[in-house]
Amino acid sequence: MEPDQYRGTTSGEATCREELEALFFCASFLLGNWPKRVIADCVFVPGLAVDEWQEDEDDDGILNTAAALYHQAATELPSGGARTVVIPGNVGSMPEGRGGMRSPTGYPGGTVWHRELLLLDVPADAIVFYACEDVGPDGKSWHTRTEADAFVAMARARGWTSAVVLATPFHTLRVLCTLVQALIDARYRLRLFPVTPR
């Protein structure tokens, strides 16, 4: 008979168990299909590095998918999608956002993504910025957790109950785990639908 593996665990072991439970919880999201008939309140798009930190300038289809989800919900007979596209409002790394200077982050910035979404026919009033600390000369950083916290605060303020979580395949699990923990810490509930670019 095997001993109970959780009796007498240290705080580090308990934390590891909690992280594994969160990972299992998030993995169950990934294995399910996104319900096509659900119209979510928003599509949450975490920042993504798309400049010299990557091999190319492509956003990996994130913005095209975000626009497609918006348009899917905006049709006369909606079959799913999301009503609002939520992107980080950070200044980002493009020179136009920093007075000709690059920043330490690879995210192009809210201005750049906003302009690209407008070119994809997403109306300005359907694009919302969530605020989180920008990376500046003082070395302060933003990352998946700060983005998740900022998004959860916005969702609570707007009374949202559902969100499509749009991220690249390699980033999706980390975003979901982080978002679930941010929701737990904020004691807020959101129905989450993970989606990767089409």
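## Overview of the overall build of the protein chain
Then, number 1: On a plain count of helices and strands, the protein chain comes out with 5 helices and 7 strands.
Then, number 2: Its helices and strands in sequence order give the protein chain the pattern α-β-β-α-β-β-α-β-α-β-α-β, from N to C terminus.
Then, number 3: For the protein chain, the proportion of contacts with a sequence separation of at least 24, taken over those separated by at least 6, is 72%.
Then, number 4: Surface exposure of the protein chain reaches about 11,000 Å², of which carbon and sulfur atoms provide 54%.

## A short note on the packing of aromatic side chains
Where two aromatic rings form a pair, the distance of their centres and the angle of their planes describe that pair.
Then, number 1: The full count for this structure, using the stated rule, is 3 aromatic pairs.
Then, number 2: Residues Phe44 and Tyr130 carry aromatic rings whose centres are separated by 5.4 Å and whose planes lie at 50° to one another, so their mutual orientation is tilted. Of this pair, Phe44 sits in strand S2 (residues 42-44) while Tyr130 sits in strand S5 (residues 127-130); the two residues are 86 residues apart in sequence, bridging distant segments of the chain.
Then, number 3: Phe44 gets classed as buried once you look at its relative accessible area, which sits at 1%.
Then, number 4: What makes Tyr130 buried here is its relative accessible area of 1%.
Then, number 5: Judged by centre distance (4.3 Å) and plane angle (25°), the ring pair of Phe44 and Phe151 falls under stacked. Residue Phe44 is found in strand S2, and its partner Phe151 is found in helix H4 (residues 144-158); the two are separated by 107 residues along the sequence. As far as the burial class goes, Phe44 and Phe151 line up, both buried.

## Points about the nonpolar core
Then, number 1: Ranked by size, the top nonpolar core spans 24 residues in total, and within it Val86, Phe151, Trp160, Leu179, Leu190 and Leu192 carry the most contacts.
Then, number 2: Looking at this core, the elements that each hand over two or more residues are S2, S5, H4, strand S6 (162-166) and helix H5 (169-186).
Then, number 3: The contacts of Leu179, once residues within four sequence positions are left out, are Phe44, Ala148, Phe151, Val152, Val165 and Leu192.
Then, number 4: One finds Leu63, Val122, Ala126 and Ile127 within the second-largest nonpolar core, a separate group that totals 22 residues.

## Focus: the confidence of the model for the protein chain
Then, number 1: Averaged over the protein chain, the pLDDT score is 75; the fraction of residues at 70 or greater is 61%.
Then, number 2: Taken element by element, the predicted model of the protein chain shows its lowest mean pLDDT in helix H1 (residues 11-31) (61) and its highest in S2 (94).
Then, number 3: Counted against residues more than four places away or in other chains, residues 134-139, with its pLDDT under 50, gives 13 contacts.

Basis of the calculations
- Residues numbered from 1 in each chain as written.
- Predicted model: local features only at pLDDT ≥ 70, side-chain atom pairs only at ≥ 80, totals over all residues.
- Heavy atoms only, no water.
- Helix = DSSP H or I, 4+ residues; strand = E, 2+ residues; numbered from the N terminus.
- Contact = heavy atoms within 4.5 Å.
- Areas by Shrake-Rupley, 256 points an atom, 1.4 Å probe, with all protein chains shown as cover.
- Phe/Tyr/Trp six-rings, centres within 6.5 Å; stacked < 30°, edge-to-face > 60°.
- Buried < 20%, exposed > 50% of the residue type's maximum accessible area, 1.4 Å probe, protein only.
- Core = buried A, V, L, I, M, F, W, Y, C linked by side-chain atoms within 4.5 Å.
- pLDDT = per-residue confidence, 0-100.

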